[in-house]
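In case you want the letters, here they are:
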Amino acid sequence: MSRTIFCSYLKKEAPGLAFQLIPGELGKRIFDNISQEAWNEWQQKQTMLINEKKLNLMQVEDRKFIEQTMIAYLFENKDIDIEGYTPKK
């Protein structure tokens with residue numbers, strides 16, 4: 001049975017995540033305030049960022065960049081500019 005939360009990204013009631021995906025305080029914040037739908041959108045953006053910027057998640061700087069971008073996207077409603085990506089028409 002899924003739980004319903006008020007998603008701070010979508011600004012509506014929506015099914016929440018099934019479990020906390022990231023450890024710590026940030027993970028708890030995401031679990032409590034971000035819906036599964038919003039998380040799925042973020043994962044698509046994250047994949048594009050990693051691919052287009054050729055990020056290596058073994059590098060601390062790249063992981064920090066992804067975390068900062070995730071916070072800006074999910075909690076500050078900032079759009080992400082993905083250099084090199086051209087949407088299909």
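Now for a quick tour of the structure.

**Side note on helix 2 (residues 36-52)**
For the α-helix, the turn length of 3.6 residues means that residues three or four positions removed from each other point alike. Here helix 2 contains 17 residues, and its C-alpha end-to-end distance of 24 Å stays within 8% of the 24 Å for a straight helix at 1.5 Å per residue. Here helix 2 has its buried residues at A38, W39, W42, L49 and I50. In a view along the axis of helix 2, the buried residues occupy a sector of 105 degrees, so they form one face of it. On its buried face, helix 2 sits against strand 1 (4-7), helix 1 (24-33) and helix 3 (60-75).

**Some points on the environment of I5**
Tracing the chain through its elements places I5 in strand 1. Sequence spacing of I5 and Q36 is 31 residues, and the spatial spacing of their C-alpha atoms is 9.8 Å.

**Digging into the side chain of T69**
Along the chain, T69 turns up in helix 3. Residue classification places T69 among the buried positions, given a relative accessible area of 13%.

**A few points about the pairing of strand 1**
Relative to strand 2 (residues 12-15), strand 1 runs antiparallel, the two being bridged by four bridges. Paired with C7 across the two strands is K12, which belongs to strand 2. Where strand 1 hands over to strand 2, the hairpin turn is made up of four residues, of which K11 adopts a positive phi near 60 degrees.

**Some thoughts on the environment of K45**
Relative to the assigned elements, K45 resides in helix 2. The spatial distance from the C-alpha of K45 to the C-alpha of L17 is 18 Å, given a sequence separation of 28 residues. In this view, K45 contacts Y73, D79, I80 and I82; residues no more than four positions away in its chain are not counted.

**Some remarks on the packing of helix 2 against helix 3**
At their nearest, the axes of helix 2 and helix 3 sit 11 Å apart, and the two run at 140 degrees to each other. By the criterion of interaxial angle, the relationship of helix 2 to helix 3 is oblique. Once helix 2 is placed against helix 3, the crossing between them reads as right-handed. Here helix 2 contributes A38, W39, E41, W42, K45, Q46, L49 and I50 to the contact with helix 3, which in turn contributes F65, I66, T69, M70, Y73 and L74. Residues that form the contact of helix 2 with helix 3 fall into these classes: ten nonpolar, two polar and two charged.

**With respect to the nonpolar core**
Counting 20 residues, the largest nonpolar core has I30, I34, W39, W42, M70 and L74 as the members making the most contacts within it. Those elements giving two or more residues to this core turn out to be helix 1, helix 2 and helix 3. Setting aside residues no more than four positions away along its own chain, I30 makes contact with L17, I22, W39, M70 and F75.

Reading the values: the criteria
Residues numbered from 1 in each chain as written. Predicted model: local features only at pLDDT ≥ 70, side-chain atom pairs only at ≥ 80, totals over all residues. Heavy atoms only, no water. Helix = DSSP H or I, 4+ residues; strand = E, 2+ residues; numbered from the N terminus. Expected span 1.5 Å × (residues − 1). Buried < 20%, exposed > 50% of the residue type's maximum accessible area, 1.4 Å probe, protein only. Arc of directions from axis to C-beta. Contact = heavy atoms within 4.5 Å. Pairing = 2+ DSSP bridges. Axes fitted to C-alpha atoms, helices over the stretch in contact; angles between N-to-C directions. Parallel < 35°, antiparallel > 145°, perpendicular 65-115°, else oblique. Left-handed = near helix turned anticlockwise from the far one by under 90°. Nonpolar A, V, L, I, M, F, W, Y, C, P; charged D, E, K, R; others polar. Core = buried A, V, L, I, M, F, W, Y, C linked by side-chain atoms within 4.5 Å.

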